Amino acid sequence: MSIPDSHRASREPAAARIFALIRDRILSASLPPGEQMISAQQIAREMGVSRTVVKNALDQLAAEGYLQPGPRSSLLVAAGAVLRTPPAQEIASAPPGKFVPFRFDLIDFRPGVPDLSRFPVRLWQRISGEVWRQMTPLDLSYSQPEGRAELRREITRYLTAFRGVRCQPEQILITSGSTQALSIVSRVLLRRTRPACISEDPGSAESRQIIAAMGGRIVPVPADEKGLVTDELPQRARPSFIHVTPSHQFPLGGTMPVQRRVQLLGYAQRHSAFIVEEDCDGDFRYDSPPVSAIQGLIPSRVIYIGTFSMTLFPSLRVGFIVVPPPLIEEMRNAKRRADFHTAALEQLVLARLIKDGYFARHLAAMSKNYRQTRTLLLDALHRHFGGEARILGTASGLHVCVRFPGIRFTPTLLNRIDLAGVGVYPVEDHAIRKGRWEDTLILGFGMLDDRRINTGIAILKRCLPAS
């Protein structure tokens, strides 16, 4: 058996080199089934290694089924080990996904990104260290799918005190962000006989994609400055659920008034449907305390989804579902099948952050900061556009919408703005029925300061065609 020079020069351990060489020849039929292997002593002499090294390689080949015992202590090539491989193909690089993170190479008005420069990293590090010192071996093992009891208890207290949610810790299911939360809810609610789901239009395109991936058939209902237009709810539909963002409608930014909430709840009851209330940035409100959740009106009919991605930082990947009691077991089983449980360490740190009051203080500080930044953005829009722009959704959240009557944000115009160094995001990308929001942009302000806001709006003004 000749030994290629490449195998002689390899830095791989000798036994592994011999194993790979013989294995590859068996797989390619260079050593045909039934052929007797040459002696370990001869292989050792050709490879320049000890007989023990060769024996270890041959033992491994026998253990994996490539070789089998033959007469007089010999080894034979086993049958059934020839692998017919297809011709080698050039590997093309995978195209990038559609998701584009916050871009620091331009003035990026991306919505849904908090001011990460203000996150109290040292506080998080200190609490993490304290949690680690208190961890037991049991804490390092698998956890329950519903999440750590410590965090579920603190979330319950917070939601009850500040968001008007009515629940017990047993109803909280910890998830890996709101994305997984919506996936789990959709998987459980979308029955084969009731695949329809009512969605706001415009509404989050990503949320619709998640629902559709779970088998949902999207039924669009218009949204305006006050959220879902409940007068437009289809009376003959049989939806499994209605997906809404009532505290801060995405993308238009409106808050649903109580009259529409009552209408929505009545509709859900008549159609035996659930309301899935997603609340990602409703904690940040600038003209009043955060509005109460719909869930607090009829807890048995509403599934509430929240996340810490915008209140703390997106890479934390901790969200939660407030589950009506009849669905608790089914939701927990769905979470178990998805990924068993969310990482426990982050849950324990977050529980301490909430329990000790740091979370509430951080929210208060960030709300003050975002209120100032929002004012800077509104001032810049008024200064550069005056009455030419109509601003929507300024009461809460981390973005506003701006209508520019007479302007169509076509791909060509958006590319021109991007090349000028500004990132803006059209509402039309989130519309199901196209053509109604071509003049409207989403402008996020969470990660921007005064200078970049003023510069960005000035560049946007120069890029738009004259009215």
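Residues numbered from 1 in each chain as written. Predicted model: local features only at pLDDT ≥ 70, side-chain atom pairs only at ≥ 80, totals over all residues. Heavy atoms only, no water.

What should I look at first to understand the sheet that holds strand β12 (residues 390-392) in this one?
Either a parallel or an antiparallel arrangement is found when strands of a sheet pair, and the pairing is made through backbone hydrogen bonds. Taken together, the four strands give an open sheet; going across it, the order is β12-β13-β16-β15, and neighbouring strands pair in antiparallel fashion. Sheet topology places β12 and β15 (425-426) at the edges, where each strand pairs with a single neighbour. In this structure, β15 lies alongside strand β16 (residues 440-444), joined through two bridges in antiparallel fashion. Bridging across to β16, Tyr425 finds its partner in Ile442. (Pairing = 2+ DSSP bridges. Helix = DSSP H or I, 4+ residues; strand = E, 2+ residues; numbered from the N terminus.)

Would you explain unusual backbone geometry in this entry?
Where the residue is not glycine, phi is negative for most of them; where a peptide bond is considered, it is trans in most cases. The linkage connecting Asp201 with the following residue, Pro202, adopts the cis geometry, with an omega of 5°. The omega torsion of the bond from Phe250 to Pro251 falls at 10°, within 30 degrees of zero and hence cis. By the element assignment, Pro251 lies in the loop between β8 (241-244) and α9 (258-270). Even without glycine at this site, Ser272 takes up a positive phi of about 50°. Structurally, the position occupied by Ser272 is in the loop between α9 and β9 (274-279). Given the relative accessible area of 47%, Ser272 is considered partly exposed. Its identity is not glycine, yet Arg317 carries a phi of approximately 55°, on the positive side. Tracing the chain through its elements places Arg317 in the loop between β10 (302-307) and β11 (319-322). With a relative accessible area of 34%, Arg317 lands in the partly exposed category. (Buried < 20%, exposed > 50% of the residue type's maximum accessible area, 1.4 Å probe, protein only.)

What exactly am I supposed to notice about the sheet that holds β10 here?
Pairing is mixed across the open sheet formed by eight strands, whose spatial order is β4-β11-β10-β9-β8-β5-β6-β7. Looking at which strands have only one partner, the edges of the open sheet turn out to be β4 (172-175) and β7 (227-228). Judged from the two bridges that link them, strand β6 (residues 217-224) and β7 form a sheet pairing that is antiparallel. Looking at β7, one finds that Asp224 is bridged to Gly227. Running at roughly 155° to β8, α9 makes contact with β5 (196-201), β6, β7, β8, β9 and β10 of the sheet. Against the sheet, helix α10 (residues 328-339) engages β4 and β10, with an angle of about 15° to β4. (Contact = heavy atoms within 4.5 Å. Axes fitted to C-alpha atoms, helices over the stretch in contact; angles between N-to-C directions.)

How should I be thinking about the packing of aromatic side chains in this particular structure?
A ring pair, where both rings are aromatic, is described by two values, the distance of the centres and the angle of the planes. Enumeration according to the criterion identifies 13 aromatic pairs in this entry. Between Trp124 and Phe313, the ring centres sit 5.5 Å apart and the planes meet at 85°, which makes this aromatic pair edge-to-face. Of this pair, Trp124 sits in helix α5 (residues 121-134) while Phe313 sits in the loop between β10 and β11; the two residues are 189 residues apart in sequence, bridging distant segments of the chain. Classification of Phe313 by relative accessible area gives buried; the value is 16%. An aromatic cluster of three or more residues is present, and its members are Tyr158, Phe162, Tyr304, Phe308, Phe320 and Phe359. Between Arg301 and the ring centre of Phe274, over which it is positioned, the NZ or CZ distance is 5.6 Å. (Phe/Tyr/Trp six-rings, centres within 6.5 Å; stacked < 30°, edge-to-face > 60°. Lys NZ or Arg CZ within 6 Å of the ring centre and 35° of its normal.)

Sorry if this is basic, but what is going on with the pairing of β16 here?
Along any regular strand, the residues point their side chains to alternate faces of the sheet. Most of β16 sits out of view: five of its five residues are buried. Side-chain alternation along β16 places Thr440, Ile442 and Gly444 on one buried face and Leu441 and Leu443 on a second face that is also buried. Here five bridges tie strand β13 (residues 399-403) to β16, and the two strands are oriented antiparallel to one another. By the bridge assignment, Val402 is partnered in β16 with Leu441.

Is there a simple way to think about α10 in this case?
The α-helix winds at 3.6 residues per turn, so residues separated by three or four positions along the chain end up facing the same way. If you check α10, its first and last C-alpha atoms are 17 Å apart, about what twelve residues at 1.5 Å a residue would give, namely 16 Å. Listed in full, the buried residues belonging to α10 are Ile328, Met331, Arg332, Ala334 and Lys335. Burial along α10 is one-sided: seen end-on, the buried residues are contained in an arc of 160°. Exposed and oriented more than 90 degrees from the buried face of α10 are Glu329 and Arg337. Buried residues belonging to α10 abut β4, α7 (177-189) and β10. One or two positions beyond α10, positive phi appears at Phe340, with a value near 75°. (Expected span 1.5 Å × (residues − 1). Arc of directions from axis to C-beta.)

Hey, could you run me through the nonpolar core in this one?
Soluble globular proteins: nonpolar side chains tend toward being buried together. Core analysis: the largest hydrophobic core is formed by 65 residues, its most contacted members being Phe308, Phe404 and Leu443. It is helix α12 (residues 358-385) that contributes the most residues to this core, nine residues altogether. The residues touching Leu443, leaving out its near neighbours within four places in the chain, are Phe109, Leu377, Leu381, Leu398, His399, Val400, Val402, Val424 and Ile457. Counting 22 residues, the second-largest nonpolar core is a separate cluster that includes Leu182, Leu189, Leu327 and Ile328. (Core = buried A, V, L, I, M, F, W, Y, C linked by side-chain atoms within 4.5 Å.)

What is the right way to read the environment of Val165 from this model?
Position of Val165 relative to the elements: it lies in the loop between α6 (149-163) and β4. Sequence spacing of Val165 and Ile294 is 129 residues, and the spatial spacing of their C-alpha atoms is 7.9 Å. Dropping the residues within four chain positions of it, Val165 is found in contact with Leu159, Thr160, Ala293, Gln295, Tyr304 and Val322.

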